[in-house]
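Chain residues, written in single-letter form:
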Amino acid sequence: MEKEKKILYSGMQATNTLTLGNYLGALKNWVHLSEEYDCYYGVMDLHSLTVRQDPAAFRKNAKSLYALYVAAGLSPEENILYFQSHVSAHAELAWILNCFTYMGELNRMTQFKDKAAKHTDNVNAGLYTYPVLMAADILLYQADLVPVGADQKQHLEICRDIAARFNGIYGDVFTIPEPYIAKTGAKIQSLSDPEKKMSKSDENPNGAVLLLDDRDTVLRKFKRAVTDSESEVRFDPETKPGVSNLINIYSCVTGRSKEDIEKEFEGKGYGDFKAAVGEVVADELAPLQKRYNELMTEKTYLEERIRENDQKASYAANKTLRKVRKKVGLTEV
Ligand code: TYM
């Protein structure tokens, strides 16, 4: 008999186009893990509502994200690629879990503190309870593994705490998920300010390489990447954060070790090195972009896959939700 595969869950916010950080920290890993696990990947559109969205652009971005998942190599036939907001169980479980989460825990979330400082005019309750919705996403599918970048580690910890608390009261309802944070790629920094993470909301457009940037733009952004006043290509994040970030990116894309890369560029200047990193990144993105452009003309194909996968996700999620409702004593007739 075939052994049942373990379950993997992950997703991304449905805003703007993805950065190289999203790709190397998450999406690329999803693709190579997807054979080993039964995978659910959500377009996390409910999470995106914590920031005010233009409705038309938001709809477009969410669909574009779905196409990027597929273009990156996630088959919508082999994996469950779906929209979070199309499965109402997410919002329902999030409410229940809100009642099992302490404000003290949420107050410690660094991402909330950062985002609240950034969007002072809209520090809404959704931003505050964001990690609870994320816990609901993961726990609904009884996920064993959650591949994310390092910035999501704290959210995974609170998810595990909420699950353990709930299980402690009601018995083994939820699988306690393990984070999967890859050694390279988990923390891609901005090219213009290597002390900050690469992010789609970077004020400097040269800081983030976008997955849909054309070749010239990718090369230009790497050419302008901030380094230091030395000329040695050496991995040392403390004193050489810019160069180390580039080594990390190069290593992630080519699969080569940091030592190997240092050796290759021994005696060469930063100019050569930056150009080489730009080239490998542009080469990596080219097939993905080609497939993405094709997919954007295959509207019916994508919509059919979304509908099918929404249903499959809904089936799995509601199985857990029914169990939870019963455990907490919500009425059944
Ligand atoms: P989001 O949309 O901010 O990011 C998506 C994924 O990309 C990773 N990432 C990075 N990795 C390395 N370097 C970077 N510079 C970088 N920037 C982003 C993130 O760690 C993440 O893995 N809350 C999640 C979305 C979410 C989710 C979930 C994830 C909602 N529910 C349930 C897993 C399970 C988020 O904001 O991701």
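Residues numbered from 1 in each chain as written. Predicted model: local features only at pLDDT ≥ 70, side-chain atom pairs only at ≥ 80, totals over all residues. Heavy atoms only, no water.

Q: Account for the site of the ligand, with residues named and values stated.
A: Of all residues adjacent to the ligand, which total 26 residues, the nearest are Tyr130, Asp137, Gly149, Asp151 and Ile188. Glycine 21 is positioned with one of its backbone polar atoms (N or O) 3.2 Å from a nitrogen atom of the ligand. One nitrogen or oxygen atom from the main chain of methionine 198 is found 2.9 Å from a nitrogen atom belonging to the ligand. Relative to its unbound accessible surface of 710 Å², the ligand loses 97% to contact with the protein. Sorting the residues of the shell around the ligand by element identifies strand 1 (7–13), helix 1 (20–33) and helix 7 (125–140) as the ones contributing at least two each. A total of five residues in the shell around the ligand trace back to one element, the largest contributor, which is strand 1. (Near = heavy atom within 4 Å. Polar contact = N/O pair within 3.5 Å; in protein donor to acceptor, adjacent residues only side chain to side chain. Areas by Shrake-Rupley, 256 points an atom, 1.4 Å probe, with all protein chains shown as cover. Helix = DSSP H or I, 4+ residues; strand = E, 2+ residues; numbered from the N terminus.)

Q: I'd love a proper account of a positive patch on the surface, names of residues and values included.
A: Together, Lys319, Arg322, Lys323, Lys326 and Lys327 line one region of the surface with positive charge. Turning to its location among the elements, arginine 322 is positioned in helix 13 (residues 299–328). You can call arginine 322 exposed: its relative accessible area is 52%. (Patch = residues over 30% accessible without salt bridge, like charges linked within 9 Å, V, L, I, M, F, W, Y side chains within 5 Å. Salt bridge = Lys/Arg side-chain N within 4 Å of Asp/Glu carboxyl O. Lys, Arg positive; Asp, Glu negative; His and termini not counted. Charge placed at Lys NZ, Arg CZ, Asp CG, Glu CD. Buried < 20%, exposed > 50% of the residue type's maximum accessible area, 1.4 Å probe, protein only.)

Q: Kindly report on the domain arrangement of the chain, identifying the contributing residues and their values.
A: Quoted interface sizes are often the accessible area lost when the parts come together. Parsing the chain into structural domains produces domain 1 (6–185 + 299–328) and domain 2 (215–293). Each of domain 1 and domain 2 was reduced to a C-alpha centroid, and the two centroids are 30 Å apart. At the junction of the two partners, domain 1 supplies 11 residues and domain 2 supplies 12 residues. The junction of domain 1 with domain 2 conceals about 1,100 Å² of combined surface from both sides, 71% of it contributed by carbon and sulfur atoms. Area buried by domain 1 at its contact with domain 2 is led by Leu20, Ala71 and Thr184, which between them contribute 41% of it. (Domains from an automatic or database assignment. Contact = heavy atoms within 4.5 Å. Buried area = accessible area lost by both parts, 1.4 Å probe.)

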